[in-house]
Amino acid sequence: MTGKKAEKVPRKAYENELLRLQTELVKLQEWVRAESARLVVVFEGRDAAGKGGTIKRVAEHLNPRVARIVALPKPTERQRTQWYFQRYVEHLPAAGEIVLLDRSWYNRAGVEHMMGFCTKEEYQLFLRQCPVFERMLLEDGILLRKYWFSVSDTEQQERFRRRMEDPTRRWKLSPMDLESITRWEAYSRAKDEMMVHTDIPEAPWFVVESDDKRRARLNMIAHLLDSVPYQEVPPPVLKLPERPPSTGYQRPPRDLQTYVPDHAASL
């Protein structure tokens, strides 16, 4: 996005369009299931760039048995001795599944590289192997979409500040996140180098401008829907049956069961 900064999307317009797009996502889900397709969506970007909030909106109305969010913790000691991509492979979708990767194998090109959690040789090996790995996924029939959420330094810092002040979001902030502020340009250079090696024609990067979270969510979801050739799958014909007549069942006395207190009554 260039030129004058776009105004924030009005809340009402955002909510209406988000619901429309989420309805289409349900149709996409049913197509994936009916066609036994496999879809992987990679969400990457700086800390506080809006990845988590977008993933939440993508998955909000989807069947968790079809669409899974994968956010892996740091590797175990055993996993550190494996082929780097190995622990991601086990989370790839089977037929009829969607996997939403909240960060992915690109950790090696970002935080691992920047914080010294991998060697220079491991980093260079990743840059060579990653395009090969992704081409293998595509050749096997997996649909792969890669989104990079781009946030400005001033907006990132403001989001960090809000997280520090909000007890419900404080868990999102780690010392490593705060350290990224002092390494802004270094992270930028690492991202640029990663793009040079991994922005391949078969699996390009799609950049999402995310200073406006509402705009970012709508733009990302709309692009995903436009990029997958899904079709609406007719739902099965269902008919609500008539309730049969009572056979004399009586509910046990309420005082034989333990109920949660009526906290709502105190409001």
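For the structure itself, look to the data block above.
Residue indices follow the written sequence of each chain, beginning from 1 at its first position. Where local features are concerned, this predicted model is filtered to residues with pLDDT of at least 70; where side-chain atom pairs are given and counted, the filter is 80 or more; whole-chain, interface and lining totals use all residues. Neither water nor hydrogens contribute to the side-chain values; these are computed over all heavy atoms in the structure.

A.B. asks: Explanation requested: the sheet that holds strand β3 (residues 97-102) in the structure shown.
C.D. replies: Sheets are built from strands that pair by backbone hydrogen bonding, the pairs being arranged parallel or antiparallel. The pairing criterion is simple: DSSP has to find at least two bridges between the two strands. Counting from the N terminus, the helices are DSSP H or I runs at least four residues long and the strands are E runs at least two residues long. With respect to topology, 5 strands assemble into an open sheet ordered β2-β3-β1-β4-β5, the strand pairing being parallel. Each edge of the open sheet is held by one strand with a lone partner, namely β2 (67-70) and β5 (205-209). With direction set aside, neighbouring strand axes in the sheet form an average angle of 20°. Note: β2 against β3, 4 bridges, orientation parallel. Pairing of Arg68 across the sheet is with Val99, part of β3. Two residues form a contact once any of their heavy atoms are found within 4.5 Å. Axis definition: a line fitted to C-alpha atoms, limited for helices to the stretch in contact. Angles are taken between N-to-C directions and run from 0 to 180 degrees. Helix α10 (residues 213-227) contacts β1 (38-45), β4 (143-150) and β5 of the sheet and is inclined by roughly 160° relative to β4.

A.B. asks: Just checking my understanding: could you explain the pattern of salt bridges for this structure?
C.D. replies: Between side chains of opposite charge, a pair can form as their charged atoms come close. For salt bridges, the criterion is a side-chain nitrogen of Lys or Arg within 4 Å of an Asp or Glu carboxyl oxygen. The tally for this structure, following the rule as stated, stands at 23 salt bridges. Among the ionic pairs, Arg68 bridges to Glu97, the shortest N-O distance being 3.4 Å. Taken together, the positions of Arg68 in strand β2 and Glu97 in strand β3 put the pair 29 residues apart, joining distant regions of the chain. Salt-bridge contacts for Arg162 lead to Glu158; the nearest nitrogen and oxygen are separated by 3.4 Å. Here Arg162 pairs with Glu158, and both are found in helix α7 (residues 153-165), just 4 residues apart, close to one helical turn. Accessibility expressed as a relative area gives 27% for Glu158, which makes it partly exposed. Members of the salt-bridge network, linked through shared partners, are Glu155, Glu158, Arg159, Arg161, Arg162 and Glu165. Each residue is assigned to one of three classes by its accessible area relative to the maximum for its type, calculated with a 1.4 Å probe on protein chains only: buried under 20%, partly exposed between the two thresholds, exposed over 50%.

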